[in-house]
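Each chain, written out:
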Amino acid sequence: MTIGTDAPRRTRIQQEKRELILEAALEVFSTNGFRGSTIDQIAEAAGMSKPNLLYYFRRKEDIHETLMQRLLDTWLAPLRELDDIGDPLTELRSYIRRKLEMARDFPRESRLFANEILQGAPRIMPLLAGELKTLVDEKAAVIKGWMRAGKIAKTDPWHLIFSIWATTQHYADFDVQVRAVLGPNRGGDGRFEDAARFLEQLFLDGLKPKG
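Quantities reported herein were computed from a predicted structural model and do not represent experimental measurements.

Rules used in this analysis
Residues numbered from 1 in each chain as written. Predicted model: local features only at pLDDT ≥ 70, side-chain atom pairs only at ≥ 80, totals over all residues. Heavy atoms only, no water. pLDDT = per-residue confidence, 0-100. Contact = heavy atoms within 4.5 Å. 1 Å grid on protein atoms, 1.4 Å probe; cavity = no way out; pocket = protein on both sides within 12 Å on 5 of 7 lines; lining within 4 Å. Points joined across faces, edges and corners; volume = space filled by probe spheres on them. Helix = DSSP H or I, 4+ residues; strand = E, 2+ residues; numbered from the N terminus. Nonpolar A, V, L, I, M, F, W, Y, C, P; charged D, E, K, R; others polar. Domains from an automatic or database assignment. UniProt positions renumbered as here; feature names shortened; annotations may be inferred. Phe/Tyr/Trp six-rings, centres within 6.5 Å; stacked < 30°, edge-to-face > 60°. Buried < 20%, exposed > 50% of the residue type's maximum accessible area, 1.4 Å probe, protein only. Lys NZ or Arg CZ within 6 Å of the ring centre and 35° of its normal. Core = buried A, V, L, I, M, F, W, Y, C linked by side-chain atoms within 4.5 Å. Salt bridge = Lys/Arg side-chain N within 4 Å of Asp/Glu carboxyl O.

## Quick notes on the confidence of the model for the protein chain
Then, in step 1: Of all residues in the protein chain, 96% attain a pLDDT of 70 or more, and the chain-wide mean is 91.
Then, in step 2: pLDDT under 50 marks residues 1-6. Its contacts with residues more than four places away, or in other chains, come to 6 contacts.

Put into structure tokens, the structure is as follows:
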């Protein structure tokens, strides 16, 4: 899924056109899902003709694949930064906050990923079972090491990671619901800081060593 080192270099204009297409496709895919999106819709959103778009991407699948690879690279960056030699609670606090920042800053990307998962991940299963699983297993081992050292309470590290994903991405995927329920006084930008403080208390208090 990655571009080989022997791929021809693109000109600045070609790269700008590709970025324009990918930005338009992100909006279309995150709104309509993969199945509900067409090349014509993406071309219209990008402000170019369909033949012009097909010069840069031959298929809808190629555009979607590029977006999903970028998304996973961005999405997994905070988890990659979880440092085994750092203080566990500080590392996990930073991870929770980074995930909430991403929910705030990349809501369309989150919806794109959620749509793909709800369809059974037919186009990204190799990434999930490969790159994602390898990284999660690696970081679960780091968390288990902290537990063995008595630095945090014992729990299931995989489900801890899943729970952080679920609670932080909720603020992207269900943003309309969150804002509606919180109302105008609590549903502004400050809702992310409120969420961060709550999730820190929820997770970190529960992970503090007992006794």
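From this point, the narrative continues.
## Some words on the layout of surface pockets
Then, in step 1: Reported here for the second largest pocket is a volume of approximately 180 Å³.
Then, in step 2: Along the walls of the second largest pocket sit Glu19, Leu22, Glu23, Leu26, Leu67, Arg70, Leu71, Thr74, Phe106, Glu109 and Leu112, which together make up its complete lining.
Then, in step 3: Of all the secondary-structure elements, those providing two or more residues to the lining of the second largest pocket are helix H1 (12-32), helix H4 (60-80) and helix H6 (107-118).
Then, in step 4: Taken together, the residues of the lining of the second largest pocket sort by class into 6 nonpolar, 1 polar and 4 charged.
Then, in step 5: Both domains that meet at the lining of the second largest pocket, namely domain 1 (12-58) and domain 2 (67-205), each give it at least three residues.

## Quick word on the UniProt feature "domain: HTH tetR-type" (unreviewed entry) in the protein chain
Then, in step 1: UniProt feature "domain: HTH tetR-type" (unreviewed entry): in the numbering of this structure it lies at residues 15-75.
Then, in step 2: Annotation note: span residues 15-75, helix share 80%, strand share 0%, distance between end C-alpha atoms 23 Å.

## Topic: the packing of aromatic side chains
Then, in step 1: Following the criterion strictly, the structure yields 3 aromatic pairs and no others.
Then, in step 2: Measuring from ring centre to ring centre gives 5.9 Å for phenylalanine 29 and phenylalanine 34, while their planes differ by 20 degrees; the resulting arrangement is stacked. This pair shows no difference in class: phenylalanine 29 is buried, exactly as phenylalanine 34 is.
Then, in step 3: The positively charged end of arginine 123 is found above the aromatic ring belonging to phenylalanine 34, 3.8 Å away from the centroid.

## Describing the UniProt feature "DNA-binding region" (unreviewed entry) in the protein chain
Then, in step 1: UniProt tags residues 38-57 as "DNA-binding region" (unreviewed entry).
Then, in step 2: Secondary structure across residues 38-57 divides into 75% helix and 0% strand, with the first and last C-alpha atoms of the span separated by 13 Å.

## Here we look at empty space enclosed by the protein
Then, in step 1: A full pass over the atoms with the stated rule returns 1 cavity of 30 Å³ or more.
Then, in step 2: By volume, the largest cavity amounts to about 30 Å³.
Then, in step 3: Every residue lining the largest cavity is listed: Phe29, Gly33, Phe34, His64, Leu112, Asn115, Glu116, Gln119 and Arg123.
Then, in step 4: Considering every element that reaches the lining of the largest cavity, the biggest residue donor is H6, with 3 residues.
Then, in step 5: Taken together, the residues of the lining of the largest cavity sort by class into 3 nonpolar, 4 polar and 2 charged.

## Looking at unusual backbone geometry
Then, in step 1: Residue alanine 121 is not a glycine yet carries a positive backbone phi of 55 degrees.
Then, in step 2: With respect to the secondary-structure elements, alanine 121 resides in the loop between H6 and helix H7 (125-148).

## Thoughts on the environment of isoleucine 152
Then, in step 1: With respect to the helices and strands, isoleucine 152 occurs in the loop between H7 and helix H8 (157-173).
Then, in step 2: For isoleucine 152, a relative accessible area of 3% puts it in the buried group.
Then, in step 3: Sequence spacing of isoleucine 152 and lysine 208 is 56 residues, and the spatial spacing of their C-alpha atoms is 5.2 Å.
Then, in step 4: Beyond its immediate chain neighbours, meaning those up to four positions away, isoleucine 152 contacts Pro88, Leu89, Ile143, Trp146, Met147, Leu207 and Pro209.

## Comments concerning the nonpolar core
Then, in step 1: With 60 residues, the main nonpolar core has Ile42 and Ile63 as its most contacted residues.
Then, in step 2: At 9 residues, H7 tops the list of elements feeding residues into this core.
Then, in step 3: Here this core spans two domains, and each of domain 1 (12-58) and domain 2 (67-205) adds at least three residues to it.
Then, in step 4: Discounting residues that sit within four places of it in the chain, isoleucine 63 has contacts with Ile21, Leu22, Ala25, Phe29, Ile39, Ile42, Leu53 and Phe57.

## Focus on the pattern of salt bridges
Side chains bearing opposite charge may pair, as long as their charged atoms lie close to each other.
Then, in step 1: Going through the model one piece at a time under the given rule, you end up with 20 salt bridges.
Then, in step 2: Salt-bridge contacts for glutamate 19 lead to arginine 70; the nearest nitrogen and oxygen are separated by 2.4 Å. Placement of the pair is glutamate 19 in helix H1 and arginine 70 in helix H4, with a sequence separation of 51 residues.
Then, in step 3: The exposure class assigned to glutamate 19 is partly exposed, which follows from its relative accessible area of 30%.
Then, in step 4: We classify arginine 70 as partly exposed; its relative accessible area is 37%.

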